[in-house]
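Residue-level structural notes
As a plain string of letters, each chain reads:
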Amino acid sequence: MLADKKVLLIVPKYFGYEKVIKDQIEKMGATVFVIFENLDNFSYKYRFIKNYIPFVFKKSVHNYFIRELDTFPSDIDHVLVIRGEFIDGNILSYMKSKFGSNCKFSMYQWDSVNNNANAIEIARYFGKISTFDKEDAIKYRWNYRPLFYINEFIKGEKICKNDILFIGSLHSNRIEILNFLQKYCEVKSYKFESHIYTKRLVYLKRKYLNRRPGYISAKDTDVSFNSLSLQECYDKYNNSKVVVDYTHPGQSGYTMRTIECLGSECKLITNNKQVLDADFFDSNNIFVYDGTSFEIDDNFFVTDYKKTSDEVKNKYSLESWLFDIL
């Protein structure tokens, strides 16, 4: 499908997922060109502009995209935009003019429209739009396609050193979940590991200046200012029997954590009720909880993971994901 094709990938820099997506497209035979779209996240210059001279930010982003696009050949076969928070119609029109009518345009949303309203603004420029959010797929008539796991990071044999693992970025009620899990595992004598990531300056600002509840209640020892690599995340999955997931209140699709647990054959505890309708749902492997606490039969932790069929599991691999969205 992509053999000898030229693909332009416009994607956020996000914990290394951008690299594995690029690498997989190249394994499928394509030459890949990349533009990172979340400038405010990885560039101090653009972060400063966005925060302190926001009226200049849109123009600065526009100029950045045009400069990048002008370095690429004009015979791009396929443009894949993931999220597209900072792309506007002018940039997309420029691409369509530069790459010609034979170039295909696809967009994937791994966030909900509630968190990225720009997806609606630019939707008309794409021939195919896919989303991880079932509600958005129904509402906007987009292709529904959950996220993926990365097969190359999964080890052959699980070594369950931990009974429960809780990892993720700090937001919403995650500190409350962490506090509960620490006490829960102490009472149950379960081995517990956590890694809650936040940026140091963001943490200090929100805790001591903004006084946000979720940050005020956090202990400095509960958070880490160093993010895990994808391989480190998968290594932790390999060492854990059960993973606890907390879906952001503004989202309804399956989290990346949910699909990574499927690939890594970890049991999952999640607050996302939509997983009850998943083709991989099995009550032996997945428990859905409400709020910030849960009480589960001890058998859930004692019994082994029940393997999912290869057909269902393979459906959620990175390669299958790319075939579907492209």
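Residues numbered from 1 in each chain as written. Predicted model: local features only at pLDDT ≥ 70, side-chain atom pairs only at ≥ 80, totals over all residues. Heavy atoms only, no water.

Quick word on the overall build of the protein chain
If you tally the helices and strands in the protein chain, you get 15 helices and 12 strands. Relative to its length of 326 residues, the protein chain is compact, with a C-alpha radius of gyration of 21 Å against a globular reference of 20 Å. The principal-axis extent of the C-alpha atoms belonging to the protein chain is close to 65 × 50 × 35 Å. Residues classed as buried in the protein chain amount to 52% of the 326 residues present. Look at the contacts in the protein chain between residues 6 or more apart in sequence, and 70% of them connect residues 24 or more apart. Approximately 15800 Å² of the protein chain is accessible, and the part contributed by carbon and sulfur atoms is 49%. Counting 46 positive and 42 negative side-chain charges, the protein chain places the averaged centre of each group 5 Å from the other. (Helix = DSSP H or I, 4+ residues; strand = E, 2+ residues; numbered from the N terminus. Rg over C-alpha atoms; globule rule 2.2 N^0.38 Å. Buried < 20%, exposed > 50% of the residue type's maximum accessible area, 1.4 Å probe, protein only. Contact = heavy atoms within 4.5 Å. Areas by Shrake-Rupley, 256 points an atom, 1.4 Å probe, with all protein chains shown as cover. Lys, Arg positive; Asp, Glu negative; His and termini not counted. Charge placed at Lys NZ, Arg CZ, Asp CG, Glu CD.)

Quick word on helix α4 (residues 54-69)
With 16 residues, α4 ought to run about 22 Å at 1.5 Å a step, and its terminal C-alpha atoms sit 23 Å apart, in line with that. Residues of α4 that are buried: Phe57, Ser60, Val61, Tyr64, Phe65, Ile66 and Leu69. At its buried positions, α4 is contacted by β1 (6-11), β2 (31-36), α2 (39-42), α3 (44-52) and α5 (89-99). (Expected span 1.5 Å × (residues − 1).)

A few points about unusual backbone geometry
A positive phi angle is found at aspartate 4, which is not glycine, with a value near 65°. Counting through the fold element by element, aspartate 4 comes out in the segment before β1. For aspartate 4, a relative accessible area of 74% corresponds to the exposed category. With phi around 75°, arginine 83 is a residue other than glycine that occupies positive phi space. Relative to the elements of secondary structure, arginine 83 occurs in the loop between β3 (78-82) and α5. Under the relative-accessibility criterion, arginine 83 is labelled buried at 12%.

Some remarks on the pairing of β2
Note: β1 against β2, six bridges, orientation parallel. Bridge pairing in β2 places leucine 9 opposite valine 34. Regarding the hand of the β-α-β motif, the stretch spanning β1, helix α1 (residues 17-27) and β2 is right-handed. (Pairing = 2+ DSSP bridges. Right-handed = clockwise from strand over helix to strand, strands pointing away.)

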